[in-house]
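Examination of the molecular architecture
Listed below, chain by chain, are the residues.
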Protein chains: 2
Amino acid sequence: MTELLLATRNAKKLGELRRILDTENVRGIEIIGLDAVVEFPEAPETEPTFEGNALAKARDAAEATGLPSVADDSGLSVDALNGMPGVLSARWSGKHGDDPANLDLVLAQLGDVPDDRRGAAFVCAAALVLPSGVEVVVRGEWRGSLTREPRGANGFGYDPIFLPEGFEVTSAELEPAEKDAMSHRGRALRLLLPQLRRLTED
Amino acid sequence: MTELLLATRNAKKLGELRRILDTENVRGIEIIGLDAVVEFPEAPETEPTFEGNALAKARDAAEATGLPSVADDSGLSVDALNGMPGVLSARWSGKHGDDPANLDLVLAQLGDVPDDRRGAAFVCAAALVLPSGVEVVVRGEWRGSLTREPRGANGFGYDPIFLPEGFEVTSAELEPAEKDAMSHRGRALRLLLPQLRRLTED
């Protein structure tokens, strides 16, 4: 088995990548998370782009462990906010990781924005860094629009206010497997599959 | 005297335009504010651009009064927030007109943004609409950067966290006359002077 580090402590993200590799018939890769790595230096996400943050995290992980490493950075890009909260999605209200405060603030900021200008996208950049020095960065997007009230209990972050294109329910009202199939993170990770397949061939 | 309506109830803005006309030797124009107009329909500022809001306000004012009318829309454009708060500057925290809450939120959102990426600009769009149907929209900008703490008691809005380019003090620490000479609103209003001079010639 080839070990691949996914630079996260989030069990949901680990499960998602494992399911994608399984669904896509990528065999021979064992996904490990940061919890299996002793003394990993977790750098703050201070780059101005999703790509920059994902690459910085994957580089740190590859350097600390010597393993092929994948990292992602994701967020909500709101048209009426010129693409913000963007890289600041997790701390938009000033309170890091306070999902209800963050999404309430976005709804308040868009209080006067009419229905036809509430477009948004979930965006995920994923980076793969190999010990050989090879670096790949990809981006997955999931278009939709924003509701006026939160709805649904699945997912996390801005899921309760995001209506995916073509759906009448929010991404927090989708089943996890439905969301996986369409989500920004799923799309980005699938774009890395050609490189991940190659890992098992070397 | 030619009457010119400045579509605002803000006495500071009225004084500023009167001083500019005086300094620039534009004679024969009497500036009146909305307080002198009975039953003016104040529309919400819901356009996605400063220019759109300024023009909408000036059109409403000209239509309601039959007078040549000037209106402005202004805000803070922060580089690290992709130009936001922008048209949402007065309600960034979700609380309309709560200056301390709005600027505290911008400081919190920029908590991890390093000193060399804290650039910002005050932006003002000013629109002039004449009864003849002539419409002119101009934009004034004032570049600077953002502090990490509010400083100074003059001005309003985001003045306490805005360091104008070339200054070591915030725009809330400048004297009003110094600010007038450089500010985004002063620049925009001065760009309307050629059209305003023509008003007195007709």
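Keep in mind the model is a prediction, meaning the values are calculated, not measured.

Before going further, it helps to examine the interface of chain B and chain A. Each side of the interface is counted separately: chain B has 18 residues, and chain A has 18 residues. A buried area of about 1,600 Å², summed over both sides, lies between chain B and chain A, and 57% of it is on carbon and sulfur atoms. Linking chain B with chain A are 2 salt bridges, by the criterion used here. One salt bridge connects aspartate 112 of chain B with arginine 91 of chain A, and the closest N-O pair in it is separated by 2.6 Å. Counting across the chain B and chain A interface gives 7 residue pairs in polar contact (both at pLDDT 80 or more).

For the rest of this paragraph, the subject is empty space enclosed by the protein. All names here are of chain A. Applying the stated criterion across every chain, the model contains 1 cavity of 30 Å³ or more. By volume, the largest cavity amounts to about 50 Å³. Lining the largest cavity, in full, are Ala7, Leu34, Phe40, Glu42, Ala43, Lys57 and Asp60. In terms of residue class, the lining of the largest cavity is made up of 4 nonpolar, no polar and 3 charged.

A few words on the sheet that holds strand β3 (residues 69–78) of chain A. All names here are of chain A. Spatial strand order, β2-β1-β3-β4-β5-β6: 6 strands in an open sheet with mixed pairing. Two strands in the sheet have a free side with no partner beyond their single neighbour: β2 (29–33) and β6 (162–164). On average, adjacent strands in this sheet sit at an angle of 35° to one another, irrespective of strand direction. Across 2 bridges, strand β1 (residues 2–6) lies against β3 in parallel orientation. In the sheet register, leucine 6 faces β3, and the bridge partner there is valine 70. Most of the contacts of helix α1 (residues 11–23) go to β2, to which it runs at about 170°, and overall it touches β1, β2 and β3.

A separate point is the pairing of strand β4 (residues 119–129) of chain A. Residues and elements named next belong to chain A. Buried residues dominate β4, accounting for 11 of its 11 residues. Two strands pair when backbone bridges link them, and β4 and strand β5 (residues 135–146) are joined in this way by 11 bridges, in the antiparallel orientation. Bridge pairing in β5 links valine 123 to glutamate 141. With antiparallel pairing between neighbouring strands as the criterion, β4 and β5 make up a hairpin whose turn holds 5 residues, including glycine 133 at a positive phi of roughly 105°.

Glancing now at the relation of the copies chain B and chain A. Screw-axis analysis of chain B against chain A gives a translation of 0.0 Å along the axis, an RMSD of 0.0 Å, and a rotation angle of 180°. The superposition of one copy onto the other is thereby described by a two-fold rotation axis. Measuring from the rotation axis to each C-alpha of chain B, the shortest distance belongs to asparagine 82 of chain B, at 2.9 Å. Comparing contact sets, 100% of the residues at the interface of chain B also lie at the interface in chain A, consistent with an isologous, same-surface contact.

Our next topic: the packing of aromatic side chains. Describing an aromatic ring pair means giving the distance of the ring centres and the angle of the ring planes. Per the stated rule, a full pass over the model turns up 7 aromatic pairs over all chains. On the numbers, 4.4 Å between centres and 50° between planes, the contact of phenylalanine 122 of chain B with phenylalanine 162 of chain B is tilted. Placement of the pair is phenylalanine 122 of chain B in strand β4 (residues 119–129) and phenylalanine 162 of chain B in strand β6 (residues 162–164), with a sequence separation of 40 residues. Looking at phenylalanine 122 of chain B, the relative accessible area reads 5%, which means it is buried. What links up through ring pairs into an aromatic cluster is the set Phe122, Trp142 and Phe162 of chain A.

Next up on the list: the packing of α1 of chain A against helix α5 (residues 184–191) of chain A. Residue and element names in this part refer to chain A. Two elements in contact, α1 and α5, have axes whose closest approach is 10 Å; the angle formed by their N-to-C orientations is 50°. Judged by the inter-axis angle, α1 sits oblique to α5. Our pair here, α1 against α5, has a crossing hand that is right-handed. Residues Lys13, Glu16, Leu17 and Ile20 of α1 lie in contact with α5, whose contacting residues are Arg185, Gly186, Leu189 and Arg190. Each residue belonging to the contact of α1 with α5 can be placed in one class, and the counts come to 3 nonpolar, 1 polar and 4 charged.

Time to look at the UniProt feature "active site" (unreviewed entry) in chain A. All names here are of chain A. UniProt feature "active site" (unreviewed entry): in the numbering of this structure it lies at Asp73. The residue aspartate 73 is located in strand β3 in this model. Among residues more than four places away in sequence, those in contact with aspartate 73 are Glu45, Thr49, Phe50, Asn53, Ala54, Lys57, Val87, Val123, Cys124 and Ala125. Side-chain polar atoms of aspartate 73 contact the side chain of asparagine 53, separated by 3.0 Å.

What follows concerns helix α2 (residues 50–65) of chain A. Residue and element names in this part refer to chain A. The terminal C-alpha atoms of α2, which comprises 16 residues, lie 23 Å apart, in line with the 22 Å expected from a rise of 1.5 Å per residue. Along α2, the residues classified as buried are Phe50, Gly52, Asn53, Ala54, Leu55, Lys57, Ala58, Ala61 and Ala62. As for α2, its buried residues are in contact with β1, β3, β4 and β5. Just beyond α2, the residue with positive phi is glycine 66, at close to 75°.

Conventions and cut-offs
- Residues numbered from 1 in each chain as written.
- Chains lettered and ligands numbered in written order.
- Predicted model: local features only at pLDDT ≥ 70, side-chain atom pairs only at ≥ 80, totals over all residues.
- Heavy atoms only, no water.
- Contact = heavy atoms within 4.5 Å.
- Buried area = accessible area lost by both parts, 1.4 Å probe.
- Salt bridge = Lys/Arg side-chain N within 4 Å of Asp/Glu carboxyl O.
- Polar contact = N/O pair within 3.5 Å; in protein donor to acceptor, adjacent residues only side chain to side chain.
- 1 Å grid on protein atoms, 1.4 Å probe; cavity = no way out; pocket = protein on both sides within 12 Å on 5 of 7 lines; lining within 4 Å.
- Points joined across faces, edges and corners; volume = space filled by probe spheres on them.
- Nonpolar A, V, L, I, M, F, W, Y, C, P; charged D, E, K, R; others polar.
- Pairing = 2+ DSSP bridges.
- Helix = DSSP H or I, 4+ residues; strand = E, 2+ residues; numbered from the N terminus.
- Axes fitted to C-alpha atoms, helices over the stretch in contact; angles between N-to-C directions.
- Buried < 20%, exposed > 50% of the residue type's maximum accessible area, 1.4 Å probe, protein only.
- Least-squares fit on C-alpha atoms with pLDDT ≥ 70 in both.
- Phe/Tyr/Trp six-rings, centres within 6.5 Å; stacked < 30°, edge-to-face > 60°.
- Parallel < 35°, antiparallel > 145°, perpendicular 65-115°, else oblique.
- Left-handed = near helix turned anticlockwise from the far one by under 90°.
- UniProt positions renumbered as here; feature names shortened; annotations may be inferred.
- Expected span 1.5 Å × (residues − 1).

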